[in-house]
Amino acid sequence: RTAGSLLRDQVTKVFIADGDALVMPCELWLRLLEECRGAFPRLQRVSCYATARNVLQKSPAELAALRQAGLRLLYLGPESGDDLTLRAIAKGADFAEHVEAAAKAHAAGLQLSVIALLGIAMERSQEHAEATARLVTQMDPRFFSVLTLTVVPKTPLAQLAERGRFQLPTSAQLLGELRTMIDLTRPTDAIF
């Protein structure tokens, strides 16, 4: 309400943070979206991060209700399309489940922004890049973005790196992954 009183006519987009906001129960989402519409009369789009698992846990009716109430865009970050890599990074969903979640979101009228991650596949770089291209093609997002892995101190990945069990790929290798993804990805009409 404070933001609404200060920025009422200026806000057209709202991002509901953090992590995986779609995990919230539908009733809470509907109240939140109603508050957003009340606070910001020029509101055109509400978006949030989501996981395939949480999209799949929502019913088609719940997703449609969220879309009707103003949720327009889901940011899904499978990071890879390679099932071995997805298991290694504990994404909680495989290739097929990401495709199913995308289809369910599309059926509800929700747009998707899919995020891939360069450098995450360790020794499976080529398989990761090719599978990610296939996944993005099948998920058919409106937006596709690619981030680069950063090894953060004191994380499990940093511990692997310290023990010599993980090494961040070179810039040339990262660019090779990116080239493969761009060369092989064929969404209907995505903005990269």
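Let us look at the structure shown here. If you're wondering where the values come from, they're calculated on a predicted model, not measured in any experiment.

**Thoughts on the side chain of serine 80**
Moving on, step 1. Looking at where serine 80 falls in the secondary structure, it is placed in the loop between β3 (71–79) and α5 (83–88).
Moving on, step 2. Polar contacts involving the side chain of serine 80 include one to the side chain of histidine 128, which spans 2.8 Å.

**A look at the sheet that holds strand β4 (residues 111–118)**
Moving on, step 1. Sheet architecture is open: 5 strands sit in the order β1-β2-β3-β4-β5, paired in parallel fashion. Only two strands of the sheet have a single neighbouring strand rather than two, namely β1 (13–16) and β5 (143–148). Across the sheet, the axes of successive neighbouring strands diverge by a mean angle of 25°, strand direction being ignored.
Moving on, step 2. Across 5 bridges, the pairing between β3 and β4 is parallel. Counted as the bridge partner of leucine 76 is valine 114 from β4.
Moving on, step 3. In the packing of helix α2 (residues 26–39) onto the sheet, the strands contacted are β1, β2 (45–50) and β3, and the crossing angle to β1 comes to about 150°.

**A word on unusual backbone geometry**
Moving on, step 1. Residue aspartate 18 is reached from alanine 17 by a cis peptide bond, and omega for that bond is 15°.
Moving on, step 2. Its location among the elements puts aspartate 18 in the loop between β1 and α2.
Moving on, step 3. Although it is not a glycine, glutamate 79 adopts a positive phi angle of roughly 70°.
Moving on, step 4. Mapped onto the elements, glutamate 79 comes out in strand β3.
Moving on, step 5. Classification of glutamate 79 by relative accessible area gives partly exposed; the value is 23%.

**Description of helix α7 (residues 125–139)**
Moving on, step 1. An ideal rise of 1.5 Å per residue puts 21 Å on 15 residues; α7 measures up with 21 Å between its terminal C-alpha atoms.
Moving on, step 2. Within α7, burial applies to His128, Ala129, Ala131, Thr132, Ala133, Leu135, Val136 and Met139.
Moving on, step 3. Looking at the buried residues of α7, the elements they touch are β3, α6 (95–107), β4, β5 and α9 (171–184).
Moving on, step 4. Backbone geometry just downstream of α7 places aspartate 140 in the positive-phi region, at approximately 50°.

**Brief notes about the nonpolar core**
Moving on, step 1. Leu22, Trp29, Leu71 and Leu74 are the most contacted members of the largest nonpolar core, which has 43 residues in total.
Moving on, step 2. Among all residues touching leucine 74, those that are not within four sequence positions of it are Leu22, Cys48, Ala50, Val55, Ala105, Leu110, Gln111, Leu112 and Ser113.
Moving on, step 3. Membership of the second largest hydrophobic core comes to 6 residues, among which are Leu149, Leu157, Leu160 and Phe166.

**A few points about the pattern of salt bridges**
Moving on, step 1. Within this structure, the stated rule accounts for 3 salt bridges.
Moving on, step 2. Where arginine 124 meets aspartate 82, a salt bridge forms, and the shortest distance between an N and an O atom there is 2.8 Å. One end of the pair, arginine 124, is in the loop between β4 and α7; the other, aspartate 82, is in the loop between β3 and α5, with 42 residues separating them in the sequence.
Moving on, step 3. We classify arginine 124 as partly exposed; its relative accessible area is 23%.
Moving on, step 4. On the basis of relative accessible area, aspartate 82 is assigned to the buried category, the value being 7%.

**Structural notes on the packing of α2 against helix α4 (residues 60–69)**
Moving on, step 1. Taken N-terminus to C-terminus, the directions of α2 and α4 make an angle of 10°; their axes are 9 Å apart at the nearest point. For the element pair α2 / α4, the angle class is roughly parallel. In this structure, α2 contributes Cys26, Trp29, Leu30, Leu33 and Arg37 to the contact, and α4 contributes Glu62, Ala65, Leu66 and Ala69.
Moving on, step 2. Residue classes in the contact of α2 with α4 are distributed as 7 nonpolar, no polar and 2 charged.

How each quantity is defined
- Residues numbered from 1 in each chain as written.
- Predicted model: local features only at pLDDT ≥ 70, side-chain atom pairs only at ≥ 80, totals over all residues.
- Heavy atoms only, no water.
- Helix = DSSP H or I, 4+ residues; strand = E, 2+ residues; numbered from the N terminus.
- Polar contact = N/O pair within 3.5 Å; in protein donor to acceptor, adjacent residues only side chain to side chain.
- Pairing = 2+ DSSP bridges.
- Axes fitted to C-alpha atoms, helices over the stretch in contact; angles between N-to-C directions.
- Contact = heavy atoms within 4.5 Å.
- Buried < 20%, exposed > 50% of the residue type's maximum accessible area, 1.4 Å probe, protein only.
- Expected span 1.5 Å × (residues − 1).
- Core = buried A, V, L, I, M, F, W, Y, C linked by side-chain atoms within 4.5 Å.
- Salt bridge = Lys/Arg side-chain N within 4 Å of Asp/Glu carboxyl O.
- Parallel < 35°, antiparallel > 145°, perpendicular 65-115°, else oblique.
- Nonpolar A, V, L, I, M, F, W, Y, C, P; charged D, E, K, R; others polar.

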